[in-house]
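Listed here are the chains, written in short residue letters.
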Amino acid sequence: MLRFVILGIIIFGLSGAFGANILVLEGLPSPSHHLFFRTVNEALVAQGHNVTSMSADIDTNPVANLTHLHNDKVYEEFYKTDGDEQFNMMNFGQNGNINTLIDKVEMFVATLAGVRKSKGYHQLLAYPDDFHFDLVIYDYMALPVLLGFQHKFKNPPLIIMSAFSGIAPTLNFVGSSLYPAYIPFYFGTSATETFFGRVENTFVYYFDYFYRQYYALPKIHAIAKQDFPDLPPFADLERQTRLAMINYSPAVYQPEPVLPNVIPIAGMHLQKTSTLPKDLQDILDHAQNGLILFSMGTNVKSWMLGEERIQKFIEAFRKLPQYTFLWKFDDDQLSNVPKNVIIRKWIPQNDVLTHPNTKLFMSHCGLLSSLESTWHGVPILAVPVFLDQFTVSRWSLSAKYLRLQQLLCLQEQRANAATVRCKIGLRSLDQHMQLAGPGQLYP
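Quick look at the packing of aromatic side chains now. Counted under the stated rule, the structure contains 26 aromatic pairs. Ring geometry for phenylalanine 149 and phenylalanine 153: centres 6.3 Å apart, planes at 15°, overall stacked. Using a relative accessible area of 0% as the deciding quantity, one classes phenylalanine 149 as buried. Overall, phenylalanine 153 belongs to the buried group, its relative accessible area being 4%. Following the ring pairs from residue to residue traces out a cluster consisting of Tyr121, Tyr127, Phe131, Phe133, Phe149, Phe153 and Phe228.

On to the sheet that holds strand β10 (residues 291–295), then. Strand order in the open sheet made by the five strands is β12-β11-β10-β13-β14, with parallel pairing throughout. Among the strands making up the open sheet, the edge pair consists of β12 (341–344) and β14 (380–382). Neighbouring strand axes in the sheet, compared pairwise and without regard to direction, differ in orientation by 20° on average. Packed on one face of the sheet, helix α10 (residues 278–285) meets β10, β11 (324–328), β12 and β13 (358–363) and runs near 160° to β12. In this fold helix α11 (residues 307–318) packs onto β10, β11, β12 and β13, with an angle of close to 160° to the strand it touches most, β11.

Turning to the sheet that holds strand β8 (residues 241–246), a few remarks are in order. Overall, parallel pairing links the seven strands, which are arranged β3-β2-β1-β6-β7-β8-β9 in an open sheet. Either end of the sheet is taken by a strand with one partner, and the two such strands are β3 (66–70) and β9 (262–264). Ignoring which end each strand starts from, the neighbouring axes of this sheet average 20° apart. Inspection of the sheet shows strand β2 (residues 50–55) paired to β3 by five bridges, in the parallel sense. Residue pairing in the sheet places valine 51 in a bridge with leucine 66 of β3. Sheet strands in contact with helix α2 (residues 31–46) are β1 (21–25), β2, β3, β6 (135–139) and β7 (158–162), and its direction is about 165° off that of β2.

This part is about the environment of proline 184. Within the secondary structure, proline 184 sits in the loop between α7 (171–174) and α8 (195–224). Sequence-wise, proline 184 and glycine 166 are 18 residues apart; in three dimensions their C-alpha atoms are separated by 9.9 Å.

On the surface, a cluster of nonpolar side chains totalling about 360 Å² of accessible area is made up of Phe195, Phe196 and Val199. In this fold, valine 199 is placed in helix α8. The exposure class assigned to valine 199 is partly exposed, which follows from its relative accessible area of 42%.

What follows concerns the environment of asparagine 155. Inspection of the secondary structure assignment puts asparagine 155 in the loop between α6 (148–152) and β7. A relative accessible area of 36% places asparagine 155 in the partly exposed class. For the pair asparagine 155 and leucine 237, spaced 82 residues apart in sequence, the C-alpha to C-alpha distance is 8.1 Å. Of the polar contacts made by the side chain of asparagine 155, one reaches the side chain of glutamine 240; its length is 3.3 Å.

What tends to happen in soluble globular proteins is that the nonpolar side chains get buried as a cluster. Of all hydrophobic cores here, the largest spans 91 residues; its most connected members are Leu25, Leu146, Phe149, Trp327 and Met362. Setting aside its immediate chain neighbours within four residues, phenylalanine 149 contacts Leu23, Leu25, Met54, Tyr121, Leu124, Leu125 and Phe228.

Of all the six residues making up β13, six are buried; the element is thus mostly covered by neighbouring parts of the structure. The pairing of β10 with β13 spans five bridges and is parallel. Of the residues in β13, the one forming a bridge with serine 295 is serine 363. Strand direction decides the pairing type here: β13 and β14, joined by three bridges, are parallel. Of the residues in β14, the one forming a bridge with phenylalanine 361 is isoleucine 380. Of the crossover connections in this fold, the one passing from β13 over helix α13 (residues 367–376) to the parallel β14 is right-handed.

Generally, phi is negative for residues other than glycine and the peptide bonds are trans, each holding for most cases. One non-glycine residue, leucine 143, lies in the positive phi region at around 60°. Mapped onto the elements, leucine 143 comes out in the loop between β6 and α6. The exposure class of leucine 143 is buried, given its relative accessible area of 5%. Phi at asparagine 155 takes a positive value of approximately 55°, unusual for a residue other than glycine.

The subject of this paragraph is the confidence of the model for the protein chain. In regions of low pLDDT, the predicted coordinates are not meant to be interpreted in detail. The predicted model of the protein chain has a mean per-residue pLDDT of 78, with 80% of residues at 70 or higher. Across residues 2–16, where pLDDT falls below 50, the model places zero contacts with residues more than four positions away in sequence or in other chains. Residue range residues 401–443 is modelled with pLDDT below 50. Its contacts to residues more than four positions away, or to other chains, number 108 contacts.

Criteria and cut-off values
- Residues numbered from 1 in each chain as written.
- Predicted model: local features only at pLDDT ≥ 70, side-chain atom pairs only at ≥ 80, totals over all residues.
- Heavy atoms only, no water.
- Phe/Tyr/Trp six-rings, centres within 6.5 Å; stacked < 30°, edge-to-face > 60°.
- Buried < 20%, exposed > 50% of the residue type's maximum accessible area, 1.4 Å probe, protein only.
- Pairing = 2+ DSSP bridges.
- Helix = DSSP H or I, 4+ residues; strand = E, 2+ residues; numbered from the N terminus.
- Axes fitted to C-alpha atoms, helices over the stretch in contact; angles between N-to-C directions.
- Contact = heavy atoms within 4.5 Å.
- Patch = residues over 30% accessible without salt bridge, like charges linked within 9 Å, V, L, I, M, F, W, Y side chains within 5 Å.
- Areas by Shrake-Rupley, 256 points an atom, 1.4 Å probe, with all protein chains shown as cover.
- Salt bridge = Lys/Arg side-chain N within 4 Å of Asp/Glu carboxyl O.
- Polar contact = N/O pair within 3.5 Å; in protein donor to acceptor, adjacent residues only side chain to side chain.
- Core = buried A, V, L, I, M, F, W, Y, C linked by side-chain atoms within 4.5 Å.
- Right-handed = clockwise from strand over helix to strand, strands pointing away.
- pLDDT = per-residue confidence, 0-100.

Structural data, given as structure tokens:
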């Protein structure tokens, strides 16, 4: 018996000594989505694997055995000025679901243009074709802008992964089914409560499928083929997928049928809280009536709000001096800021949400932020701007993680209505809601 125990220990020890060589392709340019993938990268390295990660975002102090290939020109191309107007996320997704789908494809074409100018991309292209990767992990939501490397390295096992929650897009990879009669499209404003809503929802689902298959993929393929001359159709490469891992959980969001090889991993990015910087710790400790955290995430830059919207938020906050507002804002020299509003360019969001004096999260309702807020039991006041933020806010509202349905309309022509709703929402919070701490999602 002892010899089998010793043999088992030896085999187990040797299995940890041979780490895999893993390529992680982050095609979607988003700082918050990179944080999601960073969790994966560092966990793989901690298990003894060697990870090569390509991304538009990099870590300044990467851990050992994690090699970053930086696509440094992506954001430059992504936010490129079109004539006299710079790309503004506040305008993205404001013209209906179909136009958003069309705009999304063009956005990823611009992403690919930036990728092809980037140093990291050419570094990986210079790897010999017989370089061995044991596994490719691919962020599939950005169209196959980086999937040519799957072919270059002789088709290693492929896992797709995303910080989005949509199950429907895995149709193209592992054959998932569509359920437009009762599952709203994974982003936008589609609803299934009425017959005509279900008709619209069905149309959006199938428009997305056919537009992707017969327009977007051929367009991306024609560009990518310049760097991968014998590149097969992307649909063939996508069908090599062994496993799909998505940021979804039926415990939090609407239950949906999934295949056995579609694995829900919602909340994987959540980390143990760390000690707050002293200045933030003091601010939170002294916020006797409660602190309200306000963040629009990493993709909506503060300048995109426009001066008029910014000042209307400030005036709304000024009328509630009993609360402390901690606002993630790119310009810490913002003028006309009342004493109860504190501006920071960067906020350790997860750590702030865990503090008992944090009573409300004014959020764009990005999925990662919403999961953090749900985990810590902090109610959300939603300010959705584009894509799945509308879907997440609707899910959160129905689940009562989002207490008030004062969703701010941030279109330029309705800025006054946004201000009124902001004031109404915060006053309603003050008058009708016992401010909940962690663990009390709603009264």
